Amino acid sequence: MDWTALLLSLRLALLTVLALLPIGILVGRVLAYRQFRGKGLVEALVALPLVLPPTVLGYYLLVAFGAASPIGQIWQTVFGSQLVFTFEGLLVASVIFNLPFAIQPMQRGFETIPADVREAAACCGMSPLEALAKVELPLAWPGILTAMVLSFAHTLGEFGIVLMVGGSIPGETRTIAIAIYDRVQAFDDAAAGQMSSLLLAISLSTIALTYAFSRRIGRRLG
Amino acid sequence: MSTVAGLQVDVRQDGPIPLAAAFSCAPGEVLALVGPSGSGKSTILRSIAGTYRPQHGKVSVNGETWLATADGVCLPPHRRAVGMVFQSYALFPHMTAIGNVMAAMGHAPAKEREARARSVLDLVHLAGLEHRRPAELSGGQQQRVAVARALAREPKLLLLDEPFSAVDKATRQRLYREIAVLRRGLNMPVVLVTHDLDEAIMLADRMAVLHRGRTLQTGTPAEVTTRPVSAEVARLVDLRNIFDGRIARYDAQSGRMIIAWAGLEIEAAARADVRTGQAITWVIPDGFVVLHRRDRPSRGEHENPVPGIIEAILPIGQSAHLTLRPNHHPDLPIHYSVPLHVARRNGLEPGVAASVSLLADGIHIMPAPGTAPEDA
């Protein structure tokens with residue numbers, strides 16, 4: 001059992017979810033309520049990681065983050081380290097490939113709030129920020145929760161992109177999914193089996209908990 | 001800045017929803033915006049509340065400008081002290097009744113909110129149901145929470161958007177009475193949007209008739225429903241006896257005007273702004289069409305008698321709605337109603353001959369479009 005890889009995966013998943021929370025709320029809310037030119041294109045871009053092979057997305061991220069690219073150079077100047085094959089690079093890649101898993105459920109969550117309920121919040125004297133905190137977020141909560149769980153579980157399981165952008169550096173970029181692959185390559189079936197069943201248990205229980213929780217919220221809102 | 005008390009509204013735009021509406025509403029007054037679906041009623045209400053921004057317009061309340069597109073003033077809705085009751089109530093489903101009311105009390109000190117919310121809920125007869133969520137309340141109770149929430153903000157203006165359309169008839173009747181009592185204690189302008197004419201007549205002091213975003217006529221319900229300014233308004237307020245005619249002469253002795261109507265002469269109350277020979281449209285509300293009763297003839301039968309054949313009889317509740325084809329011109333049916341027992345006693349049924357009188361005082365003359373004296 002590679003505990004370092006497990007902890008790294010959990011840390012990566014947690015930070016990814018934290019980073020995606022404000023991004024998802026912001027973008028999901030805009031896509032749910034605003035009509036603008038090019039909205040279809042934005043929605044297509046958000047959904048792209050769902051259909052693109054992970055190796056293709058990983059390849060583009062590797063190129064974009066590389067020391068020769070503008071993004072890689074800016075990162076190098078600001079933080080003094082390179083972006084590829086580091087935990088930070090892995091985190092940025094993880095946020096990008098999780099965009100659809102975070103934004104789409106949040107968008108659906110905001111879309112379920114009737115327009116007149118949002119107008120009622122304003123007519124009750126709430127500023128847009130108060131309305132967000134007191135009315136929109138509590139009502140969109142099932143969607144937000146689903147988004148967080150999906151992103152978390154998906155980060156734990158992602159393989160192709162992690163390998164492309166991060167490689168398999170122990171303690172830096174070797175996630176549990178990579179560690180499992182590594183063990184199988186080394187004919188260490190016992191360790192691979194242990195880690196796989198642990199990953200299965202974590203994923204299953206997270207999703208089961210979410211479903212139970214959102215059903216309770218659904219009952220409460222009637 | 002004007003310091004006129006009450007609400008002043010003037011909103012205009014060509015599209016996407018055409019608007020050309022201007023009206024005012026005094027403190028303590030209930031103004032009903034009446035019109036068919038799609039006449040722009042709700043858009044006008046939302047322009048006042050600030051959830052919709054018309055291209056051109058002015059909205060001011062007690063001298064405070066909320067919208068003045070010419071000066072670039074447009075307060076966001078949360079800065080307009082307005083109480084709004086939505087058609088579907090738009091209650092916050094995750095909050096209890098008292099939570100909904102307290103949500104509109106951001107202006108009050110936190111310590112006082114709960115006590116004040118309780119007293120507002122008392123006012124709408126919801127004491128004891130404070131901790132129920134909207135899903136656990138009946139339609140009528142939800143409507144009361146919506147009213148309480150609107151009042152909790154201590155608004156300068158109350159806006160009601162079809163507030164009775166989502167409840168059953170019995171509940172609606174009870175809510176009408178409650179609103180009628182409640183409004184006496186409110187010293188603010190109240191604007192009620194409705195497509196139900198009876199509702200407007202019952203609750204409003206004045207009504208504005210709207211069509212395609214335009215205010216066609218503003219006046220008391222009695223004025224608008226018996227003295228419409230045009231055939232268009234007459235149709236919108238559900239007057240069915242609308243006819244074309246010509247002023248034949250003015251009878252100085254009776255002080256009445258004589259209308260030539262499809263070969264018949266009809267006496268009507270005189271109007272100063274029409275002259276002999278002018279083409280007009282005239283209208284008579286159902287209530288001024290009087291049946292000549294076979295069992296009890298009366299002197300009133302000399303007034304504009306119109307004999308004809310009953311074409312249809314439609315019993316609705318305790319009254320019978322009748323359509324009479326006049327003998328002189330069967331293509332101009334007259335609609336009227338009588339109590340059901342009168343219809344039965346007089347043997348009224350399709351195909352039977354019957355006569356009615358058109359009471360001169362009820363006949364309202366409108367100059368036909370483009371035929372005002374100066375145009376002639």
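Residues numbered from 1 in each chain as written. Chains lettered and ligands numbered in written order. Predicted model: local features only at pLDDT ≥ 70, side-chain atom pairs only at ≥ 80, totals over all residues. Heavy atoms only, no water.

Draft legend 1. Looking closely at empty space enclosed by the protein. Evaluation of the coordinates by the stated rule reveals 2 cavities of 30 Å³ or more. When contributions to the lining of the largest cavity are tallied by element, the ones reaching two or more residues are β8 (157-161), α5 (169-184) and β9 (190-194) of chain B. By residue number, the principal contributor to the lining of the largest cavity is α5(B), which donates 3 residues. Here the lining of the largest cavity is built from residues that sort into 10 nonpolar, no polar and 1 charged. One number sums up the size of the second largest cavity: a volume of about 50 Å³. Every residue lining the second largest cavity is listed: A120(A), C123(A), C124(A), V82(B), G83(B), M84(B), F86(B), R149(B), A150(B) and R153(B). (1 Å grid on protein atoms, 1.4 Å probe; cavity = no way out; pocket = protein on both sides within 12 Å on 5 of 7 lines; lining within 4 Å. Points joined across faces, edges and corners; volume = space filled by probe spheres on them. Helix = DSSP H or I, 4+ residues; strand = E, 2+ residues; numbered from the N terminus. Nonpolar A, V, L, I, M, F, W, Y, C, P; charged D, E, K, R; others polar.)

Draft legend 2. Expanded view of the packing of helix α4 (residues 139-152) of chain B against α5(B). All names here are of chain B. Where α4 meets α5, the axes come as close as 11 Å, and the angle between the chain directions of the two elements is 20°. Here α4 is positioned roughly parallel relative to α5, judged by the angle of their axes. Crossing handedness for the pair α4 and α5: right-handed. Touching G140, Q143, R144, V147 and L151 of α4 are T171, R174, L175, E178, I179 and L182, all from α5. (Axes fitted to C-alpha atoms, helices over the stretch in contact; angles between N-to-C directions. Parallel < 35°, antiparallel > 145°, perpendicular 65-115°, else oblique. Left-handed = near helix turned anticlockwise from the far one by under 90°. Contact = heavy atoms within 4.5 Å.)

Draft legend 3. How the structure looks around the pattern of salt bridges. Residue and element names in this part refer to chain A. In this structure the tally under the stated criterion is 25 salt bridges over all chains. Here R183 ties to D182 by a salt bridge, and the two come within 3.7 Å at their closest N and O atoms. The class for R183 is partly exposed, based on a relative accessible area of 27%. Judged by relative accessible area, which is 25%, D182 ranks as partly exposed. Connected via shared salt-bridge partners are D2, R174, D182, R183 and D188. (Salt bridge = Lys/Arg side-chain N within 4 Å of Asp/Glu carboxyl O. Buried < 20%, exposed > 50% of the residue type's maximum accessible area, 1.4 Å probe, protein only.)

Draft legend 4. Spotlight on the interface of chain B and chain A. Each side of the interface is counted separately: chain B has 21 residues, and chain A has 19 residues. Counting each side, the surface lost to burial between chain B and chain A is near 1700 Å², with a carbon and sulfur contribution of 68%. Looking only at chain B, the three residues that lose the most surface to chain A are H78(B), F92(B) and H94(B), adding up to 33% of its buried area. The tally of links from chain B across to chain A stands at 1 salt bridge. Of the charged contacts, one joins R46(B) and E119(A) as a salt bridge, the two residues approaching to 2.7 Å between their closest N and O atoms. Counting residues per element, the ones that place at least two in the side of chain B that touches chain A are α1 (41-49) and β7 (82-85) of chain B. The residue inventory of the side of chain B that touches chain A, partitioned by class, reads 13 nonpolar, 4 polar and 4 charged. (Buried area = accessible area lost by both parts, 1.4 Å probe.)

Draft legend 5. Expanded view of the sheet that holds strand β13 (residues 256-261) of chain B. Residues and elements named next belong to chain B. The sheet built from 5 strands is open, its strands ordered β14-β13-β12-β15-β21 with antiparallel pairing. Sheet topology places β14 (264-269) and β21 (364-367) at the edges, where each strand pairs with a single neighbour. The average undirected angle you get between the axes of adjacent strands in this sheet is 45°. Direction of pairing for β13 relative to β14: antiparallel, over a ladder of 6 bridges. Note on β14: the bridge partner recorded for I258 is E267. (Pairing = 2+ DSSP bridges.)

Draft legend 6. Structural detail: the state of the cysteines. According to the stated counting rule, one finds 0 disulfides over all chains in the structure shown. Between C25(B), a free cysteine, and C123(A), which holds the nearest cysteine sulfur, the sulfur-to-sulfur gap is 17 Å. (Disulfide = S-S within 2.5 Å.)

Draft legend 7. Highlighting the domain arrangement of chain B. Residue and element names in this part refer to chain B. According to the domain assignment, chain B consists of domain 1 (7-235), domain 2 (241-284 + 362-367) and domain 3 (288-358). A C-alpha centroid distance of 40 Å is found between domain 1 and domain 2. At the junction of the two partners, domain 1 supplies 8 residues and domain 2 supplies 7 residues. For the pair domain 1 and domain 2, the two sides together bury roughly 510 Å², of which 68% comes from carbon and sulfur. Considering only the side of domain 1, the residues that lose the most area to domain 2 are R227, P228 and A231, jointly responsible for 60% of the buried surface there. At the boundary of domain 1 with domain 2, the tally comes to 0 salt bridges. Across the domain 1-domain 2 interface, the total number found is 1 residue pair in polar contact (both at pLDDT 80 or more). Among the elements that make up the side of domain 1 that touches domain 2, the one with the highest residue count is helix α8 (residues 231-236) (3 residues). Here the side of domain 1 that touches domain 2 is composed, by residue class, of 4 nonpolar, 2 polar and 2 charged. (Domains from an automatic or database assignment. Polar contact = N/O pair within 3.5 Å; in protein donor to acceptor, adjacent residues only side chain to side chain.)

Draft legend 8. Geometry of the confidence of the model for chain B. Predicted confidence across chain B gives a mean pLDDT of 89, with 95% of residues reaching 70 or more. Across the assembled chains, the prediction reports ipTM 0.81 with pTM 0.83. (pLDDT = per-residue confidence, 0-100.)

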